[in-house]
Amino acid sequence: MELNTIEWKGNKLVLLDQTALPNKVSYIDMTTVEEVWQAIHSMIVRGAPAIGVTAAYGAYIAVQYFDGSVEEAKYELKKQLDYLATSRPTAVNLFWALERMGKVAELFSGNDLVEFQERLLNEAIVIHMEDIKINRNIGEHLLTLLEDGQGVLTHCNAGALATTKYGTATSPFYLAKEKGMSLKVFADETRPRFQGAMLTSFELYHAGIDVTLITDNMAATVMSQNKVQAVIVGCDRVAANGDVANKIGTLGVAILAKHYGIPFYVATPTPTIDLNCATGTGIPIEERSKDEVLKPTGQYIAPPEVKVYNPAFDVTPAHLITAIVTEKGIIHSPNEEKLRAVFK
Ligand SMILES: CSC[C@H]1O[C@H](OP(=O)(O)O)[C@H](O)[C@@H]1O
């Protein structure tokens, strides 16, 4: 089943509605910047790389039909970049992509509005195409750390649905299948939004990849039963010292992996590394609505009035991470010196 998370079709952005999966495969056209903002905020599109690519197209859409001078278009774009930056706070790819779009405008010195608009669309398409290459390269590097027949646990969805193809944490699973290797994937369901159940098990099953869905509280047991030889997760922001923000529950999985002596790998596109953020304590952690916890499937599972704490991400300290794997290579025992070297 070919699923296009994000597609630029002629003159509009088409997004796969990830809130409807796995029961319905449906697509939504994005023709205004407000629709793009809402799609990111409501998680119609989610996953750090996918958010970045979507925001880049959103920046173009914001001035796609603008009528006025280039200077006025630049002013409008700046306003809309700031607006898109409020859609979600944790995945740094959002801000990285918006900054790239802003740079195109800053460097544009012409007076031709159509050329200005074309430059912006072209940058969004470049960011989109780069994402596909980045993910495949991450998969190639991760595959060197795995052996045929191994069990690999993943948390949340850092899959093709969180990116524009292959995924980051799931990239080695797709490449292994291409190469005739077989990996056994254990996908945590990942409460409270169930990205592992609704998205990871869905995409891997339909790709013919051996995937077993487990509840979050089964991770310790499958590790204790030697079913897992590696853990691979995605990330939303890596701090300069190697601390990693990822979906809530990742920290617990990392602690379990350390306890059982299982390598814990973080699949990391370099745009997700934020050297301006010194440590994990500086990463803004999104808190989402109490209803995501109270009503996971529409029915209350607890008293509606009860207090709820719903941080969407947690931070795994660098010392629990065996390696951060980027499209440029493998960073064993990550630290600031090694992360900064990636950009030299
Ligand atoms: C490669 S996707 C990174 C990351 O994004 C997901 O969060 P969300 O579904 O809330 O956007 C999850 O943390 C993934 O690991």
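The chain goes by Methylthioribose-1-phosphate isomerase in an unreviewed UniProt entry, where it is assigned to Metasolibacillus meyeri. For the chain, the Catalytic activity (unreviewed entry) comment in UniProt is given as "5-(methylsulfanyl)-alpha-D-ribose 1-phosphate = 5-(methylsulfanyl)-D-ribulose 1-phosphate". UniProt, in the comment section headed Sequence similarities (unreviewed entry), describes the chain in these words: "Belongs to the EIF-2B alpha/beta/delta subunits family. MtnA subfamily."

For the rest of this paragraph, the subject is helix α3 (residues 70-84). Because an α-helix completes one turn every 3.6 residues, residues spaced three or four positions apart along the sequence face the same direction. Over its 15 residues, α3 extends 20 Å from the first C-alpha to the last, a length consistent with the 21 Å expected when each residue adds 1.5 Å. For α3, the full list of buried residues reads Val70, Ala73, Lys74, Glu76, Leu77, Gln80, Leu81 and Leu84. The arc that holds every buried residue of α3, seen down its axis, measures 165 degrees, which confines them to one face. Among the exposed residues of α3, those oriented more than 90 degrees off its buried face are Glu71 and Tyr75. Check the buried side of α3 and you find it contacts α1 (33-41), α2 (48-63), α4 (92-107) and α5 (113-143).

Of all residues adjacent to the ligand, which total 18 residues, the nearest are Gly47, Arg88, Asp236, Asn246 and Lys247. Between the ligand and Lys247, the relevant distance is 2.7 Å, taken from an oxygen atom to a side-chain nitrogen or oxygen of the residue. Mapped by element, the contributors of at least two residues to the shell around the ligand are α2 and β9 (244-247). Of the residues in the shell around the ligand, the class split is eight nonpolar, six polar and four charged.

What follows deals with the sheet that holds strand β6 (residues 211-214). Strand order across the open sheet formed by seven strands is β6-β5-β4-β7-β10-β13-β14, with mixed pairing between neighbours. Edge positions in the sheet fall to β6 and β14 (329-332), since each has one partner strand and no second. Adjacent strand axes in the sheet meet at a mean angle of 25 degrees when their direction is disregarded. Both strand β10 (residues 264-267) and strand β13 (residues 323-326) contribute to a ladder of three bridges, which runs parallel. Its bridge partner lying in β13, Val266 is registered against Ile324. Helix-sheet contacts for α5 involve β7 (230-233), β10, β13 and β14, and the interaxial angle to β13 is about 140 degrees.

Attention now goes to the pattern of salt bridges. Per the counting criterion, the structure on display carries 17 salt bridges. Glu106 serves as the salt-bridge partner of Lys103, at 3.2 Å between the closest nitrogen and oxygen. Of this pair, Lys103 and Glu106 both sit in helix α4, three residues apart, roughly one helical turn. Exposure remark for Lys103: the relative accessible area of 41% places this residue in the partly exposed category.

Cut-offs and rules
Residues numbered from 1 in each chain as written. Predicted model: local features only at pLDDT ≥ 70, side-chain atom pairs only at ≥ 80, totals over all residues. Heavy atoms only, no water. UniProt positions renumbered as here; feature names shortened; annotations may be inferred. Helix = DSSP H or I, 4+ residues; strand = E, 2+ residues; numbered from the N terminus. Expected span 1.5 Å × (residues − 1). Buried < 20%, exposed > 50% of the residue type's maximum accessible area, 1.4 Å probe, protein only. Arc of directions from axis to C-beta. Contact = heavy atoms within 4.5 Å. Near = heavy atom within 4 Å. Polar contact = N/O pair within 3.5 Å; in protein donor to acceptor, adjacent residues only side chain to side chain. Nonpolar A, V, L, I, M, F, W, Y, C, P; charged D, E, K, R; others polar. Pairing = 2+ DSSP bridges. Axes fitted to C-alpha atoms, helices over the stretch in contact; angles between N-to-C directions. Salt bridge = Lys/Arg side-chain N within 4 Å of Asp/Glu carboxyl O.

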